[in-house]
Amino acid sequence: MHRSIRNLNFIAVSSLLALTVAWAVSGSSNALAQDAQAKDAETRNVEQPAALTVDRIFATADFATDRFGPSKWLEDGSGFTTLEQSTSVSGALDIVFNNPADGMTRIMVSAATLIPAETTPEGSAAPLSIADYSWSPDGTKLLIFTNTKRVWRQNTRGDYWILNLATNELQQLGGDAPESTLMFAKVSPDGQNAAYVRQNNVYVENLATGVIRSLTSDGSTTIINGTFDWVHEEEFFLRDGFRWSPDSRKIAFWQLDAEGVGEFLMINNTDSLYSFTIPLQYPKAGTTNSSSRIGIVTINTGATIWVKDDDDPRNHYLARMDWANDSEELIIQHLNRLQNTNEVWVANAETGGVRVIMTDRDDAWLDVVDDLFWLDDGKTFTWVSERDGYRHVYLVDRQTGKLSLVTDFSKDVLSIPKIDLQNERLYFISSFDSATERYLYMSPLRGGEPVRLTPGAFKGWNDYQISSDGAWAIHTHSTFGSPPVINLISLPDHQVVRTLVQNDRVRSAVAELTLGETSFFQVDIGEGVALDGWMIKPSDFDSTKIYPVFFFVYGEPWSQTVTNRWGGAGTLWHYLIAEHGYIVISIDNRGTPGPHGRAWRKMIYGEIGTIAAADQAAALGQISEWPFIDTDRVGIWGWSGGGSMTLNMLFRYPDLYHVGMSVAPVPDQRFYDTIYQERYMGLPQDNTEGYRLGSPITYADGLKGSLLIVHGTGDDNVHYQGTEALVNKLIEGNKRFDMMSYPNRSHGIYEGANTSRHLRNLLTRYLNEHLEAGGKSPEIRTEIVQPEN
């Protein structure tokens, strides 16, 4: 259906003025000549340091923003600590206390005190390299995480050291454990013991005697204690799998049994003379999951009782667990496999008996609740639910399960950075006026009108790390074209106390660039649906000419692309592409997680890839009516879910999209994992047609334009298998396409020397060679006729 355009509502958000002109982009129709000009321009950039190039973005630190922290507020609210360059040991870090009231600082832990008596992995007589640190609950000890190793996404395995703050004595945990094998070490609340995971077993170590005891002994490749398998880590963000009881007498922990889970074999062809396989327990949609249960072990006796669960443990998820504000009970979130029912359990720590406090249900799916805070001495807790059409905060009575609505307004609460119990204030993040931005709001905890605290001067994206007493916050603000500024502010008046990170160096580097105007807009695709978008024009944009349009897409429920915040190298690359002579646009279709209400986000349930693709095509249909858009030159690119969307647009709408670059896509939804894919699509056994219609591989025969597929062969998340299946389908259909594989690179395709620069040069070159750049006369311009859905 052909629709007319309406309600574009352009809002200019940045027009970065240039001090130097980098180089002109050719509008030549000769792609080879154009590429040669681009290469010549990049050569000249060596002599023009203010120019924006792929190499400068991805191979220098010119645009790297300054780090702050990691910062940690102290429990008493007196201040926060940061890691700063040591005043006593060159190249090392001190832990520094910052007083928010007067700005005074003092060294709490000097790097000199972190030099072990014996040789360390970093070398003899060198301080420990601090990857992370934490204070013991009783405030007498410092726990240092160092010499870390990557486990799938994050470095969660390493060595742990304890510094006694009274004696400055330094001791390593783990006894004679092999290097970098400990995970998630935590000091008990009474400061007497530390617990950690090693090789899928939970251990406790007495800090006075050094005696180590195993609390579990059945850990193996399939029995996993105190941590998680791949899919729980990836989709539920569950890594640390045990919790100390407040009285230090018990530890509650997850145990997973991965027996029967399908094992996917990745292959490494390059790191040895002969190739070898890397087995990965990975449950694909509709297949067997790990079972899970929760144990409670008494430290002194080693006796374990198990939380009673009569449901099939392979078809339910114990998605969250913690102590229920005391040492008597646990609170557990128990999800069914479809993730549309969440039972909140209270489990008795002595018997394992379970009582269901409340049940949340949704016709589509439910998100796990992380904003659970205890009030009224443990009698009440907060809950976040979309049961009334918006993400709202409720208070739940621990005994009766009765819910009381706190945020009684027709807007979404996106997260809760802090609850100020003393003053009964709920601090929450939302954006009442624009889904592309984020602001801090405050609401009375017992109900009342919300107040936006973020001043208008901080239009854009705002993050907050609020102190334990709610009186201070570390505030990070950025916009699409402006790097972050980090301030210390007071609350609730939101007054800037002092600036912690200004990023003047990066700001100056960006200001020196020749960049085009950026604007945010909405495009009406009909039936009352308006989609958010942003657009970057070339700096030499001529409104009398027509330009090729290049879309950046994601389009799935996990993330937005249309956000008014600094995107670092990715944003700069889009500016660079615009300078090559393209209009760069991104659109958030329905189903993306912006604050539009439940119906917007969940109307795509069971139809991932279908409704989103139709929305994107409809948006292009409206954008095509803009007088400066050349509908004969339309490109699109995306990564992961965006790679899948790129394939869908090229295959399903081949007359609208002419060039696509798909990075790490999921061509067949059946190949992805249980938790993510089933959350949004249901089981493939129950929704066979939905899986088929949503999978790009179904429409591969529709390819007409130029397609580049990029994938890392070591991608443990989105397996290279999917790309190979798509390649077979394209070969079968005698389709011409281009492909680049990166050996042993994971989903992020960044491992190995020069990888990021090589990838972005590849994408830039491919676009220049296959989609003619630059403005040209609009005498001949094809009108897009929107296909019927």
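Residues numbered from 1 in each chain as written. Predicted model: local features only at pLDDT ≥ 70, side-chain atom pairs only at ≥ 80, totals over all residues. Heavy atoms only, no water.

On a plain count of helices and strands, the protein comes out with twelve helices and 44 strands. Radius of gyration (C-alpha) of the protein: 27 Å, near the 28 Å computed for a compact globule of 789 residues. Across the 789 residues that make up the protein, the buried fraction comes to 58%. In the protein, 60% of the contacts between residues at least 6 apart in sequence involve partners at least 24 apart. A total of about 31300 Å² of accessible surface is found on the protein, and carbon and sulfur atoms cover 49% of it. With 65 positive and 98 negative side-chain charges, the protein shows a separation of 1 Å between the mean positions of the two kinds. (Helix = DSSP H or I, 4+ residues; strand = E, 2+ residues; numbered from the N terminus. Rg over C-alpha atoms; globule rule 2.2 N^0.38 Å. Buried < 20%, exposed > 50% of the residue type's maximum accessible area, 1.4 Å probe, protein only. Contact = heavy atoms within 4.5 Å. Areas by Shrake-Rupley, 256 points an atom, 1.4 Å probe, with all protein chains shown as cover. Lys, Arg positive; Asp, Glu negative; His and termini not counted. Charge placed at Lys NZ, Arg CZ, Asp CG, Glu CD.)

Our focus in this paragraph is the sheet that holds strand 31 (residues 439-444). Across the sheet, which stays open at both edges, the four strands sit in the order 29-30-31-32 with antiparallel pairing between neighbours. One side of each edge strand has no neighbouring strand; the edge strands of this open sheet are strand 29 (415-420) and strand 32 (451-452). One ladder, built from six bridges, connects strand 30 (residues 425-430) with strand 31; its direction is antiparallel. Paired with Ile429 across the two strands is Leu440, which belongs to strand 31. (Pairing = 2+ DSSP bridges.)

In terms of residue burial, strand 4 (residues 93-98) counts as a mostly covered element, since five of its six residues are buried. As paired elements, strand 3 (residues 80-85) and strand 4 share six bridges and run antiparallel to each other. Its bridge partner being in strand 4, Thr82 is matched across the sheet by Val96. Bridge analysis of strand 4 against strand 5 (residues 105-109) gives four bridges, and the strand direction is antiparallel. The residue of strand 5 that forms the bridge with Phe97 is Arg106. Linking strand 4 to strand 5, which pair antiparallel, is a turn of six residues; within it Gly103 sits at a positive phi near 80 degrees.

Looking at the secondary structure, you find Arg293 in strand 19 (residues 291-298). In sequence terms Arg293 and Asp309 are 16 residues apart; their C-alpha atoms lie 7.8 Å from each other. Those residues in contact with Arg293 that sit more than four places away from it in its chain are Phe253, Trp254, Gln255, Trp306 and Leu318.

An order of 25-26-27-28 is seen for the four strands of this open sheet, with the pairing classed as antiparallel. Of all the strands in the sheet, just strand 25 (374-375) and strand 28 (403-405) have a single pairing partner and so form its edges. Pairing between strand 25 and strand 26 (residues 380-385): two bridges, direction antiparallel. By the bridge assignment, Leu375 is partnered in strand 26 with Thr380.

Attention shifts here to the pattern of salt bridges. If you walk through the whole model with that rule in mind, you get 33 salt bridges. In this structure, Asp247 engages Arg249 in a salt bridge whose closest nitrogen and oxygen atoms are separated by 3.5 Å. Taking the relative accessible area as the measure of exposure, Asp247 reaches 32% and is therefore partly exposed. Arg633 is the salt-bridge partner of Asp630, the closest N and O atoms lying 2.7 Å from each other. (Salt bridge = Lys/Arg side-chain N within 4 Å of Asp/Glu carboxyl O.)

Another aspect to go through is unusual backbone geometry. For the bond running from Gly69 to Pro70, omega is 5 degrees, close enough to zero to count as cis. Structurally, Pro70 is set in the loop between helix 2 (54-59) and strand 2 (72-73). The backbone of Asn200 shows a phi angle near 70 degrees, a positive value even though the residue is not glycine. In this fold, Asn200 is placed in the loop between strand 11 (193-198) and strand 12 (201-206).

Attention now goes to the pairing of strand 27 (residues 392-397). Summarising burial for strand 27: five of the six residues are buried, a large majority. The pairing of strand 26 with strand 27 spans six bridges and is antiparallel. Note on strand 27: the bridge partner recorded for Trp383 is Tyr394. Where strand 26 hands over to strand 27, the hairpin turn is made up of six residues, of which Gly389 adopts a positive phi near 105 degrees. Note: strand 27 against strand 28, three bridges, orientation antiparallel. Bridged to Val396 within strand 28 is Leu403. The loop that links strand 27 with its antiparallel partner strand 28 comprises five residues; one of these, Gly401, has a positive phi angle of about 80 degrees.

So, on to the environment of Asp218. Within the secondary structure, Asp218 sits in the loop between strand 13 (212-214) and strand 14 (223-225). By relative accessible area, which is 37% here, Asp218 ends up partly exposed. Sequence separation of Asp218 and Thr351 is 133 residues, and the distance between their C-alpha atoms is 22 Å. With residues near it in sequence (within four places) discarded, Asp218 still touches Asn201, Ile223, Asn225 and Gln255.

On to the side chain of Ser640. The topology assignment puts Ser640 in the loop between strand 41 (629-639) and helix 8 (641-652). Within the structure, the side chain of Ser640 is placed 2.9 Å from the side chain of His747, a separation counted as a polar contact. Among residues more than four places away in sequence, those in contact with Ser640 are Val663, Ala664, Pro665, Val666, Val718 and His747. (Polar contact = N/O pair within 3.5 Å; in protein donor to acceptor, adjacent residues only side chain to side chain.)

A separate point is helix 12 (residues 755-770). Taking 1.5 Å of rise per residue, 16 residues should cover 22 Å, and helix 12 covers 22 Å from first to last C-alpha, within 8% of that figure. Of all the positions in helix 12, only Thr755, Leu759, Arg760, Leu762, Leu763, Thr764, Tyr766, Leu767 and Asn768 are classed as buried. (Expected span 1.5 Å × (residues − 1).)

A separate point is the nonpolar core. Membership of the largest hydrophobic core comes to 43 residues, with the highest contact counts inside it found for Phe236, Trp254, Ile294, Val307, Leu330 and Ile332. At the level of elements, helix 3 (230-236), strand 16 (250-257), strand 17 (263-268), strand 19, strand 21 (316-323), strand 22 (329-336), strand 23 (341-348) and helix 9 (674-681) are the ones that each hand at least two residues to this core. For this core, the element with the highest residue contribution is strand 21, accounting for five residues. With sequence-adjacent residues up to four places away left out, Val307 is seen in contact with Ile294, Ile296, Leu330, Ile332, Trp345, Ala347, Gly352 and Val354. (Core = buried A, V, L, I, M, F, W, Y, C linked by side-chain atoms within 4.5 Å.)

This brings us to the packing of aromatic side chains. Enumeration according to the criterion identifies 32 aromatic pairs in this entry. Judged by centre distance (5.9 Å) and plane angle (85 degrees), the ring pair of Phe480 and Phe520 falls under edge-to-face. In this pair, Phe480 is assigned in the loop between strand 34 (472-479) and strand 35 (482-490) and Phe520 in strand 37 (residues 517-524), connecting sequence segments 40 residues apart. An identical accessibility class is assigned to Phe480 and Phe520; each is buried. Pairwise contacts between aromatic rings join Trp365, Tyr605, Tyr672, Tyr676 and Tyr680 into one cluster. Arg452 extends its terminal NZ or CZ atom over the ring of Tyr439, reaching a point 3.6 Å from the ring centre. (Phe/Tyr/Trp six-rings, centres within 6.5 Å; stacked < 30°, edge-to-face > 60°. Lys NZ or Arg CZ within 6 Å of the ring centre and 35° of its normal.)

This part is about helix 7 (residues 611-623). For helix 7, spanning 13 residues, the distance from its first C-alpha to its last is 18 Å, which sits close to the expected 18 Å at 1.5 Å a residue. For helix 7, a buried count of 13 out of 13 residues is recorded, marking the element as mostly surrounded by other parts of the structure.

Averaged over every residue, the pLDDT of the protein is 91; the share at 70 or more is 92%. Counting interchain partners and residues more than four positions distant, the pLDDT-below-50 stretch residues 1-47 has 110 contacts. (pLDDT = per-residue confidence, 0-100.)

In contact at an axis separation of 10 Å, helix 7 and helix 8 are set at 65 degrees when each is read in the N-to-C sense. Relative to helix 8, the element helix 7 lies roughly perpendicular. In terms of crossing hand, the pair formed by helix 7 and helix 8 is right-handed. Where helix 7 approaches helix 8, its residues Ala612, Ala613, Gln616 and Ala617 are matched on the opposing element by Met645, Asn648, Met649 and Arg652. Residues of the contact of helix 7 with helix 8, tallied by class, amount to five nonpolar, two polar and one charged. (Axes fitted to C-alpha atoms, helices over the stretch in contact; angles between N-to-C directions. Parallel < 35°, antiparallel > 145°, perpendicular 65-115°, else oblique. Left-handed = near helix turned anticlockwise from the far one by under 90°. Nonpolar A, V, L, I, M, F, W, Y, C, P; charged D, E, K, R; others polar.)

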